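Summary of the model geometry
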Amino acid sequence: GAVVSQHPSRVICKSGTSVKIECRSLDFQATTMFWYRQFPKQSLMLMATSNEGSKATYEQGVEKDKFLINHASLTLSTLTVTSAHPEDSSFYICSARRAAGDDNEQFFGPGTRLTVL
Amino acid sequence: LAKTTQPISMDSYEGQEVNITCSHNNIATNDYITWYQQFPSQGPRFIIQGYKTKVTNEVASLFIPADRKSSTLSLPRVSLSDTAVYYCLVALGTGANNLFFGTGTRLTVIP
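Everything in this summary refers to the structure shown in the same document. (Residues numbered from 1 in each chain as written. Chains lettered and ligands numbered in written order. Predicted model: local features only at pLDDT ≥ 70, side-chain atom pairs only at ≥ 80, totals over all residues. Heavy atoms only, no water.)

Describing the overall build of chain B
Looking only at helices and strands, one finds 0 helices and 9 strands in chain B. Taken from the N to the C terminus, the helices and strands of chain B come in the order β-β-β-β-β-β-β-β-β. C-alpha extents for chain B along the principal axes are approximately 40 × 30 × 25 Å. Scored against the burial criterion, the 111 residues of chain B give a buried share of 47%. (Helix = DSSP H or I, 4+ residues; strand = E, 2+ residues; numbered from the N terminus. Buried < 20%, exposed > 50% of the residue type's maximum accessible area, 1.4 Å probe, protein only.)

Looking at the pattern of salt bridges
Residue and element names in this part refer to chain A. Per the stated rule, a full pass over the model turns up 2 salt bridges over all chains. Its salt-bridge partner being Glu22, residue Arg24 comes within 3.4 Å of it at the nearest N-O pair. The salt bridge involving Lys66 is made with Asp88; its shortest N-O contact spans 2.9 Å. Taken together, the residues Lys66 in the loop between strand 6 (57–58) and strand 7 (67–73) and Asp88 in the loop between strand 8 (76–81) and strand 9 (90–97) connect sequence positions 22 residues apart. In terms of burial, Lys66 and Asp88 fall into one category: buried. (Salt bridge = Lys/Arg side-chain N within 4 Å of Asp/Glu carboxyl O.)

Considering the state of the cysteines
Within the structure shown, the criterion is met by 2 disulfides over all chains. The disulfide partner of A:Cys23 is A:Cys94, and the S-S distance across this bridge is 1.9 Å. One quick way to see it: the torsion about the S-S bond of A:Cys23 and A:Cys94 is about 80°, and its sign makes the bridge right-handed. One end of the pair, A:Cys23, is in strand 3 (residues 19–25); the other, A:Cys94, is in strand 9, with 71 residues separating them in the sequence. Judged on exposure class, the residue A:Cys23 and its partner A:Cys94 are both buried. Here B:Cys22 is linked by a disulfide to B:Cys88, with a sulfur-sulfur distance of 2.2 Å. Between B:Cys22 and B:Cys88, the disulfide has an S-S torsion of -75° and is therefore left-handed. Linking B:Cys22 in strand 2 (residues 18–23) with B:Cys88 in strand 8 (residues 84–92), this pair joins segments that are 66 residues apart in sequence. Assigned by exposure class, B:Cys22 and B:Cys88 land together as buried. This cysteine, A:Cys13, is not joined by any disulfide, and A:Cys94 carries the nearest cysteine sulfur, 18 Å off. (Disulfide = S-S within 2.5 Å.)

Some thoughts on unusual backbone geometry
Residues A:His7 and A:Pro8 are joined by a peptide bond in cis, for which omega reads 0°. As for its placement among the helices and strands, A:Pro8 is situated in the loop between strand 1 (4–7) and strand 2 (10–13). For B:Ser41, which is not glycine, the phi torsion reads 60° and is therefore positive. In this fold, B:Ser41 is placed in the loop between strand 3 (31–38) and strand 4 (45–50). Accessibility expressed as a relative area gives 46% for B:Ser41, which makes it partly exposed.

The following block contains the structure:
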């Protein structure tokens with residue numbers, strides 16, 4: 001159990017276009033989902049915390065108008081990279097925390113590789 | 001937020017036991033210690049979590065001294081497939097909380 005999926009797994013787009021990445025908790029409900037970005041040979045950097053039914057909380061330095069996050073249901077959060085540029089090319093990873101239970105384990109998705117040409 | 005410090009990299013021969021120590025001097029009373037494993041181009045995978053003393057599961061053991069200012073992940077008899085980056089994180093035990101990843105330890109298992 002506790003599987004998180006991401007779609008697409010890999011996307012290549014032209015500069016200036018927008019890209020949507022989906023994060024789904026397949027077998028549990030997640031009131032909170034997190035979005036991370038990871039550049040080659042670097043650690044994961046938390047971008048934002050997404051709460052179902054409310055606005056996302058962005059980390060310092062992350063542009064909320066560029067990285068739009070929607071968490072419309074307990075099993076789906078989306079990250080839209082608007083007007084993508086080559087410097088946005090990265091590995092984007094989401095994670096989800098169970099709505100029930102008292103553990104703080106986060107379940108991570110497989111990641112989405114974004115390449116902006 | 002409790003900051004963690006780990007060795008940047010480690011090498012080990014196949015079949016050996018590997019111990020990766022993480023320092024978290026300002027860990028809070030309610031913080032749990034969690035270790036994740038990450039392979040290239042994949043999301044992190046949960047390995048083990050603990051609060052104090054020792055925790056063991058089918059893949060690893062986690063040793064936490066009484067002062068909880070450090071913890072040691074122990075991987076018994078590593079194989080080539082254990083080559084990965086290992087992250088130590090500390091976070092609140094309950095409630096919505098975000099995880100901040102440190103640099104991690106890149107473990108390379110040598111045949």
